[in-house]
Amino acid sequence: MVGTATNGRGRHSFPYINGGYDMSPGSAPASNAGSECGGIEFTREDVEALLREKPKRKDKFNLKELRKNYSFLQEKFEQEECDKLSAMDSLTKERQARLDIERSQNTLSEELGKAQRELSSANQKITSLNDMYKRLQDYIASLQQYNSKLHTDLSTAEDDLKRIEKEKAGMGENLSMLRGQLTMCKTSHDEAVKQRDALVNESASLKMDLQQVRDDRDRLLLQVESLTAEVVQYKESTENSCSELDNLTTKTSELEDKCDSQSNEIRTLKDQLTTALERLQVSDLSALETRSEYEEQQKLIDDLQSRLADAEFKVIEGEMLRKKLHNTILELKGNIRVFCRVRPLLPDDGSSDGKIISFPTSMEAFGRGIDLVQTGQKHSFSFDKVFVPDASQEDVFEEISQLVQSALDGYKVCIFAYGQTGSGKTYTMMGKPGQPDLKGLIPRSLEQIFQTRQSLLLQGWKYEMQVSMLEIYNETIRDLLSTNRSSIDVSRTENSVGGKQYTIKHDANGNTHVSDLTVVDVRSAKEVSYLLDRAAQSRSVGKTQMNEQSSRSHFVFTLRISGYNESTEQQVQGVLNLIDLAGSERLSKSGSTGDRLKETQAINKSLSSLSDVIFALAKKEDHVPFRNSKLTYLLQPCLGGDSKTLMFVNISPDPSSSGESLCSLRFASRVNACEIGVPRRQTNTRSLDSRLSYG
């Protein structure tokens, strides 16, 4: 029976045998944890030796009871073994499921990368096709211009040909007329020659009667001279007509040659026009093919873009689901959420041989991990969210917007910034005045709350809101909205002698009240912005070697929200606490003296008290020293109650501040591990007390 129970195992411990506990079958068996805390353990060999040994003291051990206990413990051991095996199977299944999820994430990442590469290739192809299409369009336009030019030249050539043919016909008519005139001139010349011959014959025959015809000789001589002149004139006109005929013949030949050359040019132009038309048709076909290819590529790009959009949507949905599940887990565990923000390097920061802060890029640590190197040693931390130096104010607020929304739903919400002086706490909480893009968490939270309040009016919700602002300066509470602060209060001395004494009180419901604190009813974000400016002018700031405008006090902004729904008669009460803690600093680096020295000592003391509280909460000690400082006592509902609490740890990348940055990151890790309880929604009846509750 013993061999069957052991299943081949060596030694097993059996706790609480004859250790003063009743191990009857009806009693509950002790757990393994109990056995490790102080029970006497026996191995199986010890029990068998006891069974084989003769009992020497029967009054102390009972053998039957011992066997009975042994049988019961053996059955319990087998049951625990079965539970252990089932737990191991469940763990194996969970690990397998986690590996499947990681593989699916890797697959999605690879598909996304592949889709991006395909999209880049498709964009390059589209660019090249667009360039080719533009070149084809330019070429077609040039062909069209050349075609129109050819048509114009053809029309001009046809007009010139018609004009030349008309001139040729006119010249032919002139030539015919000149030929007729030449024929007439030749006929008259022949007649003149005949007349001259007749006169010569007549003169020869009349010589003998010269005396008789002397009187007629002069007349005849005159006739001869006139006829001679006419003959000369006819000769000259004949020569001119011959030269003109030769010229006309030459011009006719030239015109015929020109007509032949123009006919050849016209035939060449017609051939070129035919070739251009054929090339234009080929270009049209190529353009159609290019357009079809472009349309196919466009369809492919649209498909890839839709797939990419689906993948991005799935990634966004997965990230939203992860954030939602993470927030739900933190709310169920009751942990304080911690966001880490690293400010950019400033010109005044010291030069460094290398970066001391880096951010891991693995899937598990991306966006949540931060590594810091000090003296060559790397320290890794993981938080709920890590903001890189180039993260904008809008990016930071987007992560906490849902937490701010919880205040309107009736929860207590607390957000506070922690870090060394000059690490960007006030910039994170308040931003830069006069620059809307650089507004901090407090102005953005108020804008969201009042916008949501306006939208909830349609659902029947009406909200009343009250604001108060205070600072804790040298362990003294100061009302930043007081209209009649004493002269000693204005000068920021150590004790408010002659002024109001503000005390912190807790009621039975877990709420915290500050006596005589100024509470202002607000109806718009503009009113709260005015109050913030007024409080900023009254806040204690000072110049140190580490920060030109160092906050010398803890600033606490509180917005109390009371909502009532007339249709459902539901009433909620929420509180939003936004806290800008003073910066921790070392006296050796800050160079503080006089009042600055006292302020630094008071700040470090209160932050040390906050550290003690966090240590006590992390160790789950019975006593948590909330009363060691005004700051921890005021934050008691946020650190140890049912509030939704978030801490911003602000880090400086300056290498000379690596020690302080490492301390801040270690403190933030302890804060992240603290469990303060599950947040509870406040639906109690609206209080008539006008004083502000912090818890």
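Fair warning: this is a prediction, and the values are worked out from it, not measured in the lab.

Parameters and conventions
- Residues numbered from 1 in each chain as written.
- Predicted model: local features only at pLDDT ≥ 70, side-chain atom pairs only at ≥ 80, totals over all residues.
- Heavy atoms only, no water.
- Helix = DSSP H or I, 4+ residues; strand = E, 2+ residues; numbered from the N terminus.
- Buried < 20%, exposed > 50% of the residue type's maximum accessible area, 1.4 Å probe, protein only.
- Contact = heavy atoms within 4.5 Å.
- Areas by Shrake-Rupley, 256 points an atom, 1.4 Å probe, with all protein chains shown as cover.
- Pairing = 2+ DSSP bridges.
- Expected span 1.5 Å × (residues − 1).
- Bend = angle between axes of the 7 residues up to and from the residue.
- pLDDT = per-residue confidence, 0-100.
- Salt bridge = Lys/Arg side-chain N within 4 Å of Asp/Glu carboxyl O.
- Phe/Tyr/Trp six-rings, centres within 6.5 Å; stacked < 30°, edge-to-face > 60°.
- Lys NZ or Arg CZ within 6 Å of the ring centre and 35° of its normal.

Enquirer: Which parts of the structure should I look at to understand the overall build of the chain?
Expert: Of the regular secondary structure elements, the chain holds 15 helices and 18 strands. When burial is assessed residue by residue, the chain has 36% of its 695 residues classed as buried. Pairs at least 24 residues apart make up 73% of the contacts formed inside the chain by residues separated by at least 6 positions. Entry remark: accessible area of the chain is about 41600 Å², with carbon and sulfur atoms responsible for 51%.

Enquirer: Is there a simple way to think about the pairing of strand 9 (residues 461-473) in this case?
Expert: Regular strands place their side chains on alternate faces of the sheet. Taken across its 13 residues, strand 9 has 11 buried, putting it largely inside the fold. Pairing between strand 9 and strand 13 (residues 520-522): three bridges, direction antiparallel. Bridging across to strand 13, Met465 finds its partner in Val522. Across four bridges, the pairing between strand 9 and strand 10 (residues 476-479) is antiparallel. Within the sheet, the bridge partner assigned to Leu470 lies in strand 10 and is Asp479. Where strand 9 hands over to strand 10, the hairpin turn is made up of two residues, of which Asn474 adopts a positive phi near 55°.

Enquirer: Help me understand the sheet that holds strand 4 (residues 357-358), please; the structure alone is not making it clear to me.
Expert: Strand pairing in a sheet relies on backbone hydrogen bonds, with the paired strands running either antiparallel or parallel. Sheet architecture is open: three strands sit in the order 4-5-6, paired in antiparallel fashion. The sheet terminates laterally at strand 4 and strand 6 (377-382), the two strands that pair on one side only. Sheet analysis places strand 5 (residues 369-374) next to strand 6, joined by six bridges and oriented antiparallel. Across the sheet, the residue bridging to Ile370 is Phe381, located in strand 6.

Enquirer: What exactly am I supposed to notice about helix 6 (residues 393-408) here?
Expert: For an α-helix, the turn length of 3.6 residues means that residues three or four places apart are oriented alike. The terminal C-alpha atoms of helix 6, which comprises 16 residues, lie 22 Å apart, in line with the 22 Å expected from a rise of 1.5 Å per residue. A maximum bend of about 45° is found in helix 6 at Ile400. Taken as a whole, helix 6 has its buried residues at Gln393, Val396, Phe397, Ile400, Ser401, Leu403, Val404, Gln405, Ser406, Ala407 and Leu408. Remark: Gly410 follows helix 6 within two positions and exhibits a positive phi of approximately 105°.

Enquirer: Which parts of the structure should I look at to understand the confidence of the model for the chain?
Expert: The predicted coordinates should not be examined in detail at positions where pLDDT is low. Mean pLDDT over the chain stands at 79; residues scoring 70 or higher make up 79%. A low-confidence stretch, residues 1-40 (pLDDT under 50), is modelled with 59 contacts involving residues beyond four sequence positions or located in other chains. Across residues 487-498, confidence stays below pLDDT 50; counting only partners more than four residues off in sequence or on other chains, it has 18 contacts.

Enquirer: Just checking my understanding: could you explain the pattern of salt bridges for this structure?
Expert: Two side chains carrying opposite charge are able to pair once their charged atoms lie near each other. What the rule picks out here adds up to nine salt bridges. Asp100 is the partner of Arg103 in a salt bridge, and the nearest nitrogen-oxygen pair spans 2.2 Å. Highlighted residues: Arg103 and Asp100, both in helix 4 (residues 63-206), separated by three residues, approximately one helical turn. The partly exposed category is assigned to Arg103, whose relative accessible area is 44%. Classification of Asp100 by relative accessible area gives partly exposed; the value is 36%. For the salt bridge of Arg478 with Glu471, the shortest nitrogen-to-oxygen distance reads 4.0 Å. Per residue, the accessibility class of Arg478 equals that of Glu471, and both read buried. One network of salt bridges, with partners in common, ties together Asp160, Arg163 and Glu167.

Enquirer: Quick question: what am I supposed to make of the packing of aromatic side chains here?
Expert: A ring pair, where both rings are aromatic, is described by two values, the distance of the centres and the angle of the planes. Throughout the structure, instances matching the rule amount to six aromatic pairs. Judged by centre distance (5.9 Å) and plane angle (70°), the rings of Phe339 and Phe387 are edge-to-face. Taken together, the residues Phe339 in strand 3 (residues 337-342) and Phe387 in strand 7 (residues 385-387) connect sequence positions 48 residues apart. When the centroid spacing of 5.8 Å and the interplanar angle of 20° are considered together, the rings of Trp461 and Tyr463 count as stacked. Within the aromatic cluster, the residues linked to one another by ring pairs are Phe339, Phe387 and Phe648. Taking NZ or CZ as reference, Lys385 lies 6.0 Å from the ring centre of Phe387, over its face. Over the aromatic face of Tyr411 sits the side chain of Lys644, whose NZ or CZ is 4.2 Å from the ring centroid.

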